[in-house]
Amino acid sequence: MVSGDAPQAEGSVRVDVWIWSVRLTKTRAQAAAACRAGHVKVGGERAKPAQAVRVGDEVRLRHAGRDRVVVVSKIVKKRVGPPVAVECFVDNSPPPPPRELAIQVPVRDRGTGRPTKRDRREMERLQGRPPEL
């Protein structure tokens, strides 16, 4: 078997490559951008894209509005299929919030123009915000 095609039991790999390889992000550029923005932590410390990750490291990733907490169980250097990717980490992430609790965005009918002061106050009341004085 060629090196990099299957999970490896030893060594290390860049954290952005590993995050992309195990399908936590869609692209490697997204993984690197998350690292640069400070949304990736390895062992509790902010990780740069080139930081090495090893078996047993805890990786925390904030991506797409969700926190992911995973423990590295296998090292992969190339993107693998979903069944293999699941074997490469242990997911300790909190469950996602229910859809009912997601933020509801008010929708206005097309062509109604800007909201009036009365409309704005009504929207704030529905959203549970205190009235501005």
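To start, this report covers the structure provided alongside it.

Definitions and limits used
- In this numbering scheme, every chain counts its residues from 1 along its sequence in written order.
- Predicted model: local features are reported for residues with pLDDT of at least 70 only, side-chain atom pairs are reported and counted for 80 or more only, and whole-chain, interface and lining totals are derived from all residues.
- Values shown for side chains rest on all heavy atoms present in the structure; no hydrogens or waters enter the calculation.
- Helix numbers and strand numbers start at the N terminus; a helix is a DSSP run of H or I with at least 4 residues, a strand a run of E with at least 2.
- Buried residues are those whose accessible area, probed at 1.4 Å on protein chains only, stays under 20% of the maximum for their type, while exposed residues exceed 50% and partly exposed ones sit between those limits.
- Residues count as neighbours in contact if any of their non-hydrogen atoms are within 4.5 Å of one another.
- In short, Shrake-Rupley with a 1.4 Å probe defines the accessible areas, and a residue's cover is counted only from the protein chains shown.
- Salt bridges are defined by distance alone: a side-chain nitrogen of Lys or Arg within 4 Å of a carboxyl oxygen of Asp or Glu.
- When DSSP finds at least two bridges between two strands, those strands are taken to pair.
- Put simply, buried Ala, Val, Leu, Ile, Met, Phe, Trp, Tyr and Cys residues joined by side-chain atoms within 4.5 Å make one nonpolar core.

Okay, the overall build of the protein chain next. Check the secondary structure of the protein chain and you find four helices and seven strands. Put simply, the protein chain runs from its N terminus to its C terminus through helices and strands in the order β-α-α-β-β-β-β-β-α-β-α. With 133 residues in all, the protein chain has 27% of them scored as buried. Within the protein chain, contacts between residues at least 6 apart in sequence are counted, and of these 47% link residues at least 24 apart. Total accessible area on the protein chain is roughly 9,600 Å²; 53% of this is exposed by carbon and sulfur atoms.

Although it is not a glycine, R23 adopts a positive phi angle of roughly 65 degrees. Structurally, R23 is set in the loop between α1 (15-21) and α2 (28-36). Of the residues examined, R23 reaches a relative accessible area of 37% and is grouped as partly exposed.

With that settled, consider the pattern of salt bridges. Per the stated rule, a full pass over the model turns up eight salt bridges. For R14, the salt bridge is made with D16, and the minimal N-O distance between the two is 3.1 Å. With relative accessibility at 34%, the residue R14 sits in the partly exposed group. A salt bridge links R125 to E122; the nearest nitrogen and oxygen atoms lie 2.5 Å apart. Here E122 and R125 lie together in helix α4 (residues 117-127), a separation of three residues that amounts to about one turn. On the basis of relative accessible area, R125 is assigned to the exposed category, the value being 54%. Judged by relative accessible area, which is 37%, E122 ranks as partly exposed. Residues joined in a network through salt bridges with shared partners are R14, D16 and R28.

Taking strand neighbours across the sheet as the criterion, the five strands line up as β3-β2-β5-β6-β7 in an open arrangement whose pairing is antiparallel. Either end of the sheet is taken by a strand with one partner, and the two such strands are β3 (45-46) and β7 (89-91). Of the strand pairs in this sheet, strand β6 (residues 66-72) and β7 are connected by three bridges, and their pairing is antiparallel. Bridged to V71 within β7 is V90.

Bringing the nonpolar core into the picture now. V15, W18, I19, V22, L24, V40 and V59 are the most contacted members of the largest nonpolar core, which has 24 residues in total. Ranked by the residues each element gives to this core, the list is headed by α1, at four residues. Ignoring any residue separated from it by four or fewer positions in sequence, one finds W18 in contact with V13, L24, V53, V59, V70, V72, K74, I75, V76, C88 and F89.

Attention now goes to the pairing of β6. Strand direction decides the pairing type here: strand β5 (residues 58-63) and β6, joined by six bridges, are antiparallel. Looking at the pairing, L61 lines up with R68 of β6. Between β5 and β6, which pair antiparallel one after the other, the connecting turn spans two residues, and A64 there sits at a positive phi close to 55 degrees.

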